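# Structural features, examined
Here is how the chains run, residue by residue.
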Amino acid sequence: QVQLVESGGGLVQAGGSLRLSCAASGSSFRINAISAMGWYRQAPGKQRELVATITTGSNTNYADSVKGRFTISRDNAKNTVYLQMNSLKPEDTAVYYCNANTRFNDDYWGQGTQVTVSS
């Protein structure tokens, strides 16, 4: 009932920046029920981990490894969440996944977008 489509991934040099976008579409009932969205990532050979989350009340949470470098934001009118990634490091290389959670406790996931940071 909800589809999440990520964009903005790519190849960047260490110290550079990227902005990821995630747009939600589908059931308006379910979209309007979204209470939080977030970004997760999975690096080669590692488990998926939390990067950042944001609620409709604008509460944010960041992994210690990205705090001060990444910023998560939402445009509720566009049903879109963003991840501004600055001062990128090779250790940030991973597939980044968008997540949405509703007040009914439904979870939705995007297909993932590759971010590669070269040294």
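The coordinates are above.
Just so it is clear, the model here is predicted, and its values are computed rather than measured. (Residues numbered from 1 in each chain as written. Predicted model: local features only at pLDDT ≥ 70, side-chain atom pairs only at ≥ 80, totals over all residues. Heavy atoms only, no water.)

## Brief notes about the pattern of salt bridges
The tally for this structure, following the rule as stated, stands at 5 salt bridges. One salt bridge connects arginine 41 with aspartate 92, and the closest N-O pair in it is separated by 3.0 Å. Residue arginine 41 is located in strand 4 (residues 34–42), and its partner aspartate 92 is located in the loop between strand 8 (80–85) and strand 9 (94–102); the two are separated by 51 residues in the primary sequence. In terms of burial, arginine 41 and aspartate 92 fall into one category: buried. Between arginine 69 and aspartate 92 there is a salt bridge whose closest N-O contact spans 2.8 Å. Of this pair, arginine 69 sits in the loop between strand 6 (60–62) and strand 7 (70–75) while aspartate 92 sits in the loop between strand 8 and strand 9, and the two are 23 residues apart along the sequence. Residues joined by salt bridges that share partners form a network here, namely Arg41, Glu49, Arg69 and Asp92. (Salt bridge = Lys/Arg side-chain N within 4 Å of Asp/Glu carboxyl O. Helix = DSSP H or I, 4+ residues; strand = E, 2+ residues; numbered from the N terminus. Buried < 20%, exposed > 50% of the residue type's maximum accessible area, 1.4 Å probe, protein only.)

## What to know about the sheet that holds strand 8
The strand order across the open sheet built from 4 strands is 1-3-8-7, with neighbouring strands paired in antiparallel fashion. Whereas interior strands pair on both sides, the edge strands pair on one side only; in this sheet they are strand 1 (2–7) and strand 7. Across the sheet, the mean angle separating the axes of adjacent strands is 15° when strand polarity is ignored. Here 6 bridges tie strand 7 to strand 8, and the two strands are oriented antiparallel to one another. The residue of strand 8 that forms the bridge with aspartate 75 is threonine 80. (Pairing = 2+ DSSP bridges. Axes fitted to C-alpha atoms, helices over the stretch in contact; angles between N-to-C directions.)

## Notes on unusual backbone geometry
At serine 87, a residue that is not glycine, the phi angle is positive and equals roughly 50°. The phi angle at asparagine 105 is positive, at roughly 65°, despite the residue not being glycine. Along the polypeptide, asparagine 105 turns up in the loop between strand 9 and strand 10 (107–109). The exposure class of asparagine 105 is exposed, given its relative accessible area of 61%.

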